[in-house]
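Topology and contacts: notes
Listed below, chain by chain, are the residues.
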Amino acid sequence: MFEIRVICAPTEADEITKALSATFTTGSVRQQPTRDGDRVRLYITAEQPVSHWPAPETAYATAPSIISEIGWTARGVRDCLHGIQVREFWLRKAALLDRIALTDDDPVSGDAATLAVEAARRLMDIDHAAGLGLSGYADDPYTPDHLDSVRQPRGYVRQEYALWVRHQ
(Lines give C-alpha, C1' and ligand atoms only; values in the text may rest on other atoms or scores of the structure.)
Protein backbone atom coordinates (compact mmCIF):
# COMPACT_ATOMS: atom_id res chain seq x y z
CA MET A 1 0.00 0.00 0.00
CA PHE A 2 1.19 3.53 -0.70
CA GLU A 3 -0.10 7.07 -0.53
CA ILE A 4 -0.50 9.42 -3.45
CA ARG A 5 -0.47 13.18 -2.95
CA VAL A 6 -1.76 15.44 -5.71
CA ILE A 7 -1.93 19.21 -5.72
CA CYS A 8 -4.49 20.51 -8.19
CA ALA A 9 -7.21 23.04 -8.88
CA PRO A 10 -10.42 22.25 -6.98
CA THR A 11 -12.26 21.75 -10.28
CA GLU A 12 -9.83 18.97 -11.26
CA ALA A 13 -10.11 16.97 -8.02
CA ASP A 14 -13.02 14.71 -9.07
CA GLU A 15 -11.48 13.87 -12.45
CA ILE A 16 -8.10 13.06 -10.89
CA THR A 17 -9.74 10.91 -8.21
CA LYS A 18 -11.67 8.94 -10.85
CA ALA A 19 -8.52 8.42 -12.95
CA LEU A 20 -6.58 7.13 -9.95
CA SER A 21 -9.45 4.84 -8.98
CA ALA A 22 -9.48 3.41 -12.50
CA THR A 23 -5.77 2.59 -12.23
CA PHE A 24 -5.37 1.52 -8.60
CA THR A 25 -7.42 0.09 -5.79
CA THR A 26 -7.94 3.24 -3.74
CA GLY A 27 -9.17 4.08 -0.29
CA SER A 28 -10.92 7.23 0.84
CA VAL A 29 -9.72 10.57 -0.45
CA ARG A 30 -8.68 13.24 2.03
CA GLN A 31 -8.80 16.75 0.67
CA GLN A 32 -7.22 19.84 2.21
CA PRO A 33 -6.65 23.33 0.85
CA THR A 34 -3.11 24.42 0.04
CA ARG A 35 -1.51 27.23 2.03
CA ASP A 36 -2.30 29.77 -0.66
CA GLY A 37 -5.94 28.60 -0.72
CA ASP A 38 -6.06 28.50 -4.53
CA ARG A 39 -5.56 24.76 -4.89
CA VAL A 40 -6.30 21.58 -2.98
CA ARG A 41 -4.15 18.70 -1.81
CA LEU A 42 -5.55 15.22 -2.32
CA TYR A 43 -4.24 12.35 -0.23
CA ILE A 44 -5.25 8.93 -1.52
CA THR A 45 -4.16 5.55 -0.20
CA ALA A 46 -3.72 3.09 -3.02
CA GLU A 47 -2.40 -0.32 -3.90
CA GLN A 48 -1.76 -2.14 -7.11
CA PRO A 49 -4.82 -4.16 -8.04
CA VAL A 50 -4.47 -7.89 -7.67
CA SER A 51 -4.72 -9.62 -11.01
CA HIS A 52 -7.91 -11.66 -11.26
CA TRP A 53 -6.92 -13.17 -14.56
CA PRO A 54 -5.49 -16.62 -15.05
CA ALA A 55 -1.74 -16.55 -15.54
CA PRO A 56 -0.80 -17.20 -19.18
CA GLU A 57 0.88 -20.48 -18.29
CA THR A 58 -2.35 -21.63 -16.64
CA ALA A 59 -4.74 -20.37 -19.34
CA TYR A 60 -2.66 -21.81 -22.17
CA ALA A 61 -1.36 -24.95 -20.41
CA THR A 62 -3.15 -27.32 -22.78
CA ALA A 63 -3.17 -25.06 -25.84
CA PRO A 64 -1.81 -26.41 -29.10
CA SER A 65 1.59 -25.12 -30.18
CA ILE A 66 1.78 -21.61 -31.57
CA ILE A 67 2.64 -23.01 -35.02
CA SER A 68 -0.40 -25.28 -34.92
CA GLU A 69 -2.66 -22.38 -33.88
CA ILE A 70 -1.28 -20.20 -36.69
CA GLY A 71 -2.34 -22.93 -39.12
CA TRP A 72 -5.76 -23.27 -37.50
CA THR A 73 -6.28 -19.51 -37.61
CA ALA A 74 -5.29 -19.31 -41.28
CA ARG A 75 -7.79 -22.06 -42.10
CA GLY A 76 -10.32 -20.41 -39.80
CA VAL A 77 -10.35 -17.23 -41.87
CA ARG A 78 -11.48 -19.27 -44.86
CA ASP A 79 -13.85 -21.41 -42.84
CA CYS A 80 -15.56 -18.45 -41.11
CA LEU A 81 -17.54 -18.12 -44.29
CA HIS A 82 -18.43 -21.80 -44.16
CA GLY A 83 -19.80 -22.33 -40.68
CA ILE A 84 -17.15 -22.32 -37.96
CA GLN A 85 -18.10 -20.37 -34.90
CA VAL A 86 -17.06 -16.74 -35.24
CA ARG A 87 -16.56 -16.50 -31.48
CA GLU A 88 -14.27 -19.52 -31.45
CA PHE A 89 -12.24 -18.02 -34.28
CA TRP A 90 -11.74 -14.70 -32.47
CA LEU A 91 -11.10 -16.40 -29.13
CA ARG A 92 -8.39 -18.60 -30.58
CA LYS A 93 -6.92 -15.78 -32.67
CA ALA A 94 -6.81 -13.43 -29.65
CA ALA A 95 -5.22 -16.15 -27.52
CA LEU A 96 -2.66 -16.87 -30.24
CA LEU A 97 -1.73 -13.19 -30.52
CA ASP A 98 -1.52 -12.93 -26.72
CA ARG A 99 0.84 -15.90 -26.63
CA ILE A 100 2.98 -14.39 -29.39
CA ALA A 101 3.07 -11.03 -27.58
CA LEU A 102 4.25 -12.76 -24.39
CA THR A 103 7.37 -13.93 -26.24
CA ASP A 104 8.08 -10.48 -27.72
CA ASP A 105 10.82 -8.17 -26.45
CA ASP A 106 8.08 -5.72 -25.43
CA PRO A 107 5.14 -7.89 -24.27
CA VAL A 108 3.10 -4.90 -23.09
CA SER A 109 3.31 -2.22 -25.78
CA GLY A 110 5.10 -3.77 -28.76
CA ASP A 111 3.49 -4.48 -32.12
CA ALA A 112 2.42 -8.00 -31.12
CA ALA A 113 0.88 -6.68 -27.89
CA THR A 114 -1.04 -4.03 -29.82
CA LEU A 115 -2.46 -6.68 -32.16
CA ALA A 116 -3.30 -8.91 -29.20
CA VAL A 117 -5.28 -6.10 -27.55
CA GLU A 118 -7.13 -5.34 -30.81
CA ALA A 119 -8.13 -9.00 -31.21
CA ALA A 120 -9.15 -9.17 -27.54
CA ARG A 121 -11.39 -6.15 -27.99
CA ARG A 122 -12.96 -7.77 -31.05
CA LEU A 123 -13.76 -10.85 -28.94
CA MET A 124 -15.22 -8.63 -26.23
CA ASP A 125 -17.40 -6.87 -28.82
CA ILE A 126 -18.67 -10.25 -30.06
CA ASP A 127 -19.42 -11.39 -26.50
CA HIS A 128 -21.16 -8.13 -25.68
CA ALA A 129 -23.29 -8.27 -28.85
CA ALA A 130 -24.22 -11.90 -28.13
CA GLY A 131 -25.29 -10.95 -24.61
CA LEU A 132 -23.04 -13.58 -23.10
CA GLY A 133 -23.20 -13.70 -19.37
CA LEU A 134 -24.91 -15.89 -16.82
CA SER A 135 -25.63 -18.59 -19.43
CA GLY A 136 -22.49 -18.36 -21.57
CA TYR A 137 -18.80 -18.21 -20.86
CA ALA A 138 -18.12 -14.46 -20.52
CA ASP A 139 -19.19 -14.30 -16.90
CA ASP A 140 -16.60 -16.05 -14.78
CA PRO A 141 -15.77 -13.81 -13.12
CA TYR A 142 -15.84 -10.87 -15.54
CA THR A 143 -18.15 -9.98 -18.39
CA PRO A 144 -16.81 -8.17 -21.46
CA ASP A 145 -18.25 -4.89 -20.15
CA HIS A 146 -16.71 -5.16 -16.71
CA LEU A 147 -14.24 -2.36 -15.95
CA ASP A 148 -11.42 -4.85 -15.34
CA SER A 149 -12.06 -6.45 -18.74
CA VAL A 150 -12.03 -3.09 -20.47
CA ARG A 151 -8.76 -2.19 -18.72
CA GLN A 152 -7.10 -5.53 -19.46
CA PRO A 153 -8.52 -7.09 -22.62
CA ARG A 154 -5.76 -9.68 -22.80
CA GLY A 155 -6.68 -10.85 -19.29
CA TYR A 156 -10.25 -11.26 -20.49
CA VAL A 157 -8.98 -13.47 -23.35
CA ARG A 158 -7.07 -15.65 -20.87
CA GLN A 159 -10.19 -16.01 -18.74
CA GLU A 160 -12.32 -16.95 -21.72
CA TYR A 161 -9.73 -19.29 -23.24
CA ALA A 162 -9.33 -21.15 -19.93
CA LEU A 163 -13.11 -21.55 -19.71
CA TRP A 164 -13.39 -22.61 -23.35
CA VAL A 165 -10.67 -25.25 -22.97
CA ARG A 166 -12.44 -26.68 -19.89
CA HIS A 167 -15.61 -27.16 -21.93
CA GLN A 168 -13.90 -28.87 -24.87
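The structure under discussion appears in the preceding block.
Residues numbered from 1 in each chain as written. Predicted model: local features only at pLDDT ≥ 70, side-chain atom pairs only at ≥ 80, totals over all residues. Heavy atoms only, no water.

**Quick word on the pattern of salt bridges**
Side chains that differ in sign of charge can pair as their charged atoms come close. Under the definition given, this model contains nine salt bridges. Here Glu3 ties to Arg30 by a salt bridge, and the two come within 2.4 Å at their closest N and O atoms. Taken together, the positions of Glu3 in strand 1 (residues 2–8) and Arg30 in strand 2 (residues 25–33) put the pair 27 residues apart, joining distant regions of the chain. Linking Asp98 and Arg158 is a salt bridge whose minimum nitrogen-to-oxygen distance equals 2.7 Å. (Salt bridge = Lys/Arg side-chain N within 4 Å of Asp/Glu carboxyl O. Helix = DSSP H or I, 4+ residues; strand = E, 2+ residues; numbered from the N terminus.)

**Description of helix 7 (residues 153–166)**
Helix length check: helix 7, at 14 residues, gives a terminal C-alpha distance of 20 Å against a target of 20 Å (1.5 Å per residue), a fit within 8%. Across the 14 residues of helix 7, 11 count as buried, placing the element largely inside the fold. Where helix 7 is buried, its residues touch helix 2 (56–59), helix 3 (66–79), helix 4 (86–102), helix 5 (111–130) and helix 6 (147–151). (Expected span 1.5 Å × (residues − 1). Buried < 20%, exposed > 50% of the residue type's maximum accessible area, 1.4 Å probe, protein only. Contact = heavy atoms within 4.5 Å.)

**Brief notes about the side chain of Arg158**
Tracing the backbone shows Arg158 in helix 7. Assessed through its relative accessible area of 13%, Arg158 is described here as buried. Leave out the neighbours within four places in its chain, and Arg158 touches Pro54, Pro56, Ala59, Tyr60, Asp98 and Leu102.

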